[in-house]
Amino acid sequence: AVVRVDTGVQQGSEISVYYDPMISKLIVHDEDRPKALQRLEGALNQYQIAGVPTNLDFLSKCARHPTFKISGATNTGFLLHHLDDILPEDGTEGSTTNAVGEEKRLSLAALLLTLELEGRRGVTNLDEARRSSHPWSSLQGSWRVGGKPGRSQRVLRTRDGNFQVTTIHNPDGKLEAILKAGDDDALPVSLEGTLQQDGTFDAVVNGSRVPSYNTFVRENRQDQTFHVHLWPNNDSTGLSPMAVVFDHPLMAAPTNSKMTESGGTGAVLAPMPGKVVRVEAEDGDGVEEGDVILVMEAMKMEHSIRALRSGIISNLECSVDDVVNDGTLLFEVLSNVDVVEEQVAS
């Protein structure tokens, strides 16, 4: 076989922190290195994994690197010399890049989630479905008793807080969207699409049809999010997989006495299972947003864990050589308001 996948993981398997967290091994073969690398890139793009963090994007960047393409030029020092080319400046693996612009990427993700929330999975002919559904169905579009004008809206916010997408329901059941990034001007987008029962997603954005995607939408009630994944059905389009995390639009935002204007509680959790190899701070230290507090080793790489905001370090109980599980509280960064509240309480 020219492409082979070796794996010993199945549903219910536990990937222990004491072993290499390998989900699968990909092996490709061809008559020369350029053709084998082309096959490798295509095979990596065809992986469809959701629910757990992976290094697929990292592997794809390695395979595309000019030095990696040269026979005999890659050795154990490859990452030492080229890590800055493969990882962004903060030392973490970035989101998957793709030829689709950021606006279109968010539009597609918002449309997909809206179709899921509106119960339109499996609805391939909207007009026919509207005729056969009851008046109160979401398929009937936006309308009000008495004929008063108005269009219903749903606001979708990305978990990182950088983008907001407002989906607007027209009386004919079609959708529009308004994208907002920080203080930038709002960008209107027209959307049409269908979501089949098997997850195949076809869409038209601003009158332009985009390639078909395989999709997966995962609701996480624990952290009150929706994880939206899109994989291109045809790797010849030059597109890469996309993933967007939205705040749950149907659940109230979590409240916490330690919420601040900078957002969040200041708690930093382990992003994956791993081993603590370096600790750069201790309880009571003042830190700035972005400061490296500790370094973890996972998936044969070092990951810098940074402060999410400026403040005072608290609850830093892990030490060098500690093995931590995914989601373990590593430390908190208290704001000045938090520190005063704790002093008053004590």
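Described below are features of the structure shown in this document. (Residues numbered from 1 in each chain as written. Predicted model: local features only at pLDDT ≥ 70, side-chain atom pairs only at ≥ 80, totals over all residues. Heavy atoms only, no water.)

### Here's the deal with the pattern of salt bridges
Then, number 1: Tallied over the entire structure, the rule returns eleven salt bridges.
Then, number 2: Between Lys-61 and Asp-57 there is a salt bridge; the shortest N-O distance is 3.3 Å. One end of the pair, Lys-61, and the other, Asp-57, are both in helix α2 (residues 56-64), four residues apart, so they sit about a helical turn from each other. The exposure classification of Lys-61 matches that of Asp-57, with both residues buried.
Then, number 3: Between Glu-116 and Arg-121 there is a salt bridge, with the nearest N and O atoms lying 2.7 Å from each other.
Then, number 4: We classify Arg-121 as partly exposed; its relative accessible area is 25%. (Salt bridge = Lys/Arg side-chain N within 4 Å of Asp/Glu carboxyl O. Helix = DSSP H or I, 4+ residues; strand = E, 2+ residues; numbered from the N terminus. Buried < 20%, exposed > 50% of the residue type's maximum accessible area, 1.4 Å probe, protein only.)

### Remarks on the environment of Lys-35
Then, number 1: Here Lys-35 shows up in helix α1 (residues 33-45).
Then, number 2: At 2.3 Å, the side chain of Lys-35 forms a polar contact with the side chain of Glu-31. (Polar contact = N/O pair within 3.5 Å; in protein donor to acceptor, adjacent residues only side chain to side chain.)

### What to know about the packing of α2 against helix α3 (residues 78-86)
Then, number 1: For the pair α2 and α3, the least separation of the axes is 11 Å and the interaxial angle reads 105 degrees. Comparing the axis directions of α2 and α3 gives the class roughly perpendicular. Here Phe-58, Lys-61 and Cys-62 of α2 lie close against α3, whose contacting residues are Phe-78, Leu-79 and Ile-86.
Then, number 2: Along the lines of polarity and charge, the residues of the contact of α2 with α3 split into five nonpolar, no polar and one charged. (Axes fitted to C-alpha atoms, helices over the stretch in contact; angles between N-to-C directions. Parallel < 35°, antiparallel > 145°, perpendicular 65-115°, else oblique. Contact = heavy atoms within 4.5 Å. Nonpolar A, V, L, I, M, F, W, Y, C, P; charged D, E, K, R; others polar.)

### Points about unusual backbone geometry
Then, number 1: A positive phi is found at Asn-315, a non-glycine position, where the angle reads about 60 degrees.
Then, number 2: As for its placement among the helices and strands, Asn-315 is situated in the loop between β16 (311-314) and β17 (323-324).

### Digging into the environment of Gly-327
Then, number 1: Mapped onto the secondary structure, Gly-327 falls in the loop between β17 and β18 (329-334).
Then, number 2: Judged by its relative accessible area of 38%, Gly-327 is partly exposed.
Then, number 3: Along the chain, Gly-327 and Val-268 lie 59 residues apart, while their C-alpha atoms are 8.8 Å from each other.
Then, number 4: Excluding residues within four positions of it along the chain, Gly-327 makes contact with Leu-269 and Ala-270.

### Quick look at the sheet that holds strand β13 (residues 286-287)
Backbone-to-backbone hydrogen bonds pair the strands of a sheet. The strands run either parallel or antiparallel.
Then, number 1: Across the sheet, which stays open at both edges, the four strands sit in the order β11-β18-β16-β13 with antiparallel pairing between neighbours. Every other strand in the sheet has two partners, leaving β11 (267-269) and β13 as the edge strands with one partner each.
Then, number 2: Pairing of β13 with β16, which is carried by two bridges, proceeds in the antiparallel orientation. Counterpart to Val-287 in the pairing with β16 is Gly-311. (Pairing = 2+ DSSP bridges.)

### Here's the deal with the sheet that holds strand β5 (residues 175-181)
Then, number 1: The eight strands lie next to each other as β3-β4-β5-β6-β7-β8-β9-β10, forming an open sheet whose pairing is antiparallel. Only two strands of the sheet have a single neighbouring strand rather than two, namely β3 (153-157) and β10 (242-247). In this sheet, adjacent strand axes meet at a mean angle of 30 degrees when their direction is disregarded.
Then, number 2: Where β5 meets strand β6 (residues 187-195), five bridges bridge the pair, whose relative direction is antiparallel. Looking at the pairing, Leu-179 lines up with Leu-187 of β6.
Then, number 3: The strands that helix α4 (residues 102-117) touches are β3, β4 (163-169), β5, β6, β7 (200-205), β8 (208-220), β9 (225-232) and β10; relative to β6, the one it contacts most, it runs at about 50 degrees.

### Describing the packing of aromatic side chains
Then, number 1: Considering all chains together, one arrives at one aromatic pair under this definition.
Then, number 2: Over the ring of Phe-68 we find Arg-33; its NZ or CZ atom is 5.2 Å from the centre of that ring. (Phe/Tyr/Trp six-rings, centres within 6.5 Å; stacked < 30°, edge-to-face > 60°. Lys NZ or Arg CZ within 6 Å of the ring centre and 35° of its normal.)

### Describing a nonpolar patch on the surface
Then, number 1: Residues Val-2, Val-3 and Val-5 make up a contiguous nonpolar surface patch of roughly 210 Å² in combined accessible area.
Then, number 2: Examined against the element boundaries, Val-5 turns out to sit in strand β1 (residues 3-6). (Patch = residues over 30% accessible without salt bridge, like charges linked within 9 Å, V, L, I, M, F, W, Y side chains within 5 Å. Areas by Shrake-Rupley, 256 points an atom, 1.4 Å probe, with all protein chains shown as cover.)

### Side note on the pairing of strand β14 (residues 292-298)
Then, number 1: The buried fraction of β14 is high, at five of seven residues.
Then, number 2: Here four bridges tie strand β12 (residues 274-279) to β14, and the two strands are oriented antiparallel to one another. Bridge pairing links Val-279 to Leu-294 in β14.
Then, number 3: In this structure, β14 lies alongside strand β15 (residues 301-306), joined through six bridges in antiparallel fashion. Paired with Ala-298 across the two strands is Met-301, which belongs to β15.

### Overview of the packing of α1 against α2
Then, number 1: The geometry of α1 relative to α2 is characterised by a closest axis approach of 10 Å and an angle of 165 degrees between their N-to-C directions. Relative to α2, the element α1 is oriented roughly antiparallel. When you trace α1 past α2, the crossing you get is left-handed. Every residue of α2 that contacts α1 at Leu-37, Leu-40, Glu-41, Leu-44 and Asn-45 is listed here: Leu-56, Leu-59, Ser-60, Ala-63 and Arg-64.
Then, number 2: Residues that form the contact of α1 with α2 fall into these classes: six nonpolar, two polar and two charged. (Left-handed = near helix turned anticlockwise from the far one by under 90°.)

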